[in-house]
Structures are given as C-alpha cells and as structure tokens.
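What follows is the residue order along each chain.
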Amino acid sequence: MAKLFNVSSSPHVRSEETTCSIMMDVAIATAFGVFQFGLHALLVIIATVFACVVSEYAFEKVTKRPITISDFSAVVTGMILALNCPSEIPLWIPMLGGVFAIVIVKQIYGGLG
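What you see is a predicted model, and the numbers here were worked out from it, not measured in a lab.

What counts, and where the lines are drawn
- Residue numbers restart at each chain and count upward from 1, following the sequence in its written direction.
- At least 70 in pLDDT is required for a residue's local features to be given in this predicted model, at least 80 for side-chain atom pairs to be given and counted, and no such filter applies to totals for whole chains, interfaces and linings, which use all residues.
- No hydrogens and no water enter the side-chain calculation; it runs on all heavy atoms of the structure.
- The secondary structure listing takes helices from DSSP runs of H or I that are at least 4 residues long and strands from runs of E that are at least 2 residues long, numbered from the N terminus.
- C-alpha atoms define the radius of gyration in this analysis, and the globule rule sets the expected value at 2.2 Å times the number of residues to the power 0.38.
- Accessibility here uses a 1.4 Å probe with only protein chains present; expressed as a share of the type maximum, an area under 20% marks a residue as buried, one over 50% as exposed, and anything in between as partly exposed.
- Polar contact criterion, stated in full: a pair of N or O atoms within 3.5 Å, where within protein one must be able to donate a hydrogen and the other to accept it, and residues adjacent in sequence count only if both atoms are side-chain atoms.
- Contacts were defined at the residue level, with two residues in contact if any of their heavy atoms lie within 4.5 Å.
- Here the expected span of a helix is defined as 1.5 Å times the quantity of residues minus one.
- The angle separating two fitted axes, one through the seven residues that finish at a residue and one through the seven that start at it, defines the bend at that residue.

Asks: What am I meant to see in the overall build of the chain here?
Replies: Of the regular secondary structure elements, the chain holds four helices and zero strands. Tracing the chain from N to C terminus, the helices and strands come up as α-α-α-α. In terms of overall dimensions, the chain is more spread out than a globule: its C-alpha atoms have a radius of gyration of 17 Å, far above the 13 Å expected for 113 residues. If you line up the chain on its principal axes, its C-alpha atoms span 55 × 40 × 20 Å. Sorting the 113 residues of the chain into buried and exposed places 27% on the buried side.

What follows is the structure in structure tokens.
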C-alpha cells in the first residue's frame, strides 16, 4: 500500500520517450495529414510553421532574448495548429494564429518551462 503514494517533485510519471521521438510522431502525423487531405494541407502546414518560426525569431531578436528556434518548439506549434485547421482554410488565418500562439501565448508568458 505504501508504494501507491509517491511524494516527490514532478514529473511523477516518467517515460523512456525522448523529445526527439515525440517530434518524430508529430512529423508522421503531418505526413499522414498531407496524404489524407492533399497538397493544400501541405501549404497550410508550411505557412503556419513559417509564421511561427519567424515570429519567435523576430520577438526574441527585438526583446534581445536568446534565440531558441533550434529547439523546434515553434515548428511543432505550427504543425499542431495547422493540423487542427480545415485543409482548405485561407493561408492568412493559420498564419495569424501562429503569430498569436508564439508571441502572445508562448513568449509573453515566459516561453518554455
């Protein structure tokens, strides 16, 4: 019974899965989305990822913070946002959503962690 209660700092559940393997799962989901919904879905993904990466870079450059686009969190944000949009959506809508997600939601509230 004592093993059921674990009093320790988070994370309480650990996994052998790495950040790289999680990012690979997102890439596989992206490839399946393009296969399923066509090339316009690929354009939506590319435009959204581009908007997320550029907005993160620009915000960090303007605020003189370290550039963190190499951690691929902006890329994954763009992919997840794009995969939640309809495949025939006008490109400016997910791009605007990507800028909002990175600048307002991520960067202003402290970035990752």
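Asks: I'm lost on the side chain of S73 in this one. Help?
Replies: Position of S73 relative to the elements: it lies in helix 3 (residues 73-83). Only 2.6 Å separates the side chain of S73 from the side chain of K106, close enough to count as a polar contact. Other than its neighbours up to four places away in sequence, S73 contacts E56, K106 and L112.

Asks: Is there a simple way to think about helix 4 (residues 92-107) in this case?
Replies: The periodicity of an α-helix, 3.6 residues per turn, causes residues three or four positions apart to be oriented the same way. Taking 1.5 Å per residue, 16 residues should reach 22 Å; helix 4 reaches 21 Å between its end C-alpha atoms and fits that length. The largest bend in helix 4 is about 25°, located at A101.

Asks: What is the right way to read the environment of G33 from this model?
Replies: By the element assignment, G33 lies in helix 1 (residues 19-37). Taking the C-alpha atoms as reference, G33 lies 14 Å from I89; in sequence the two are 56 residues apart. Once residues lying within four places of it in the same chain are set aside, the contact partners of G33 are G38 and A41.

Asks: Looking at this model, I keep getting lost on helix 2 (residues 39-62). Mind explaining?
Replies: The terminal C-alpha atoms of helix 2 lie 34 Å apart, and with 24 residues this matches the ideal 34 Å at 1.5 Å per residue to within 8%. Where helix 2 terminates, the next one or two residues include K64, which has phi positive at roughly 55°.

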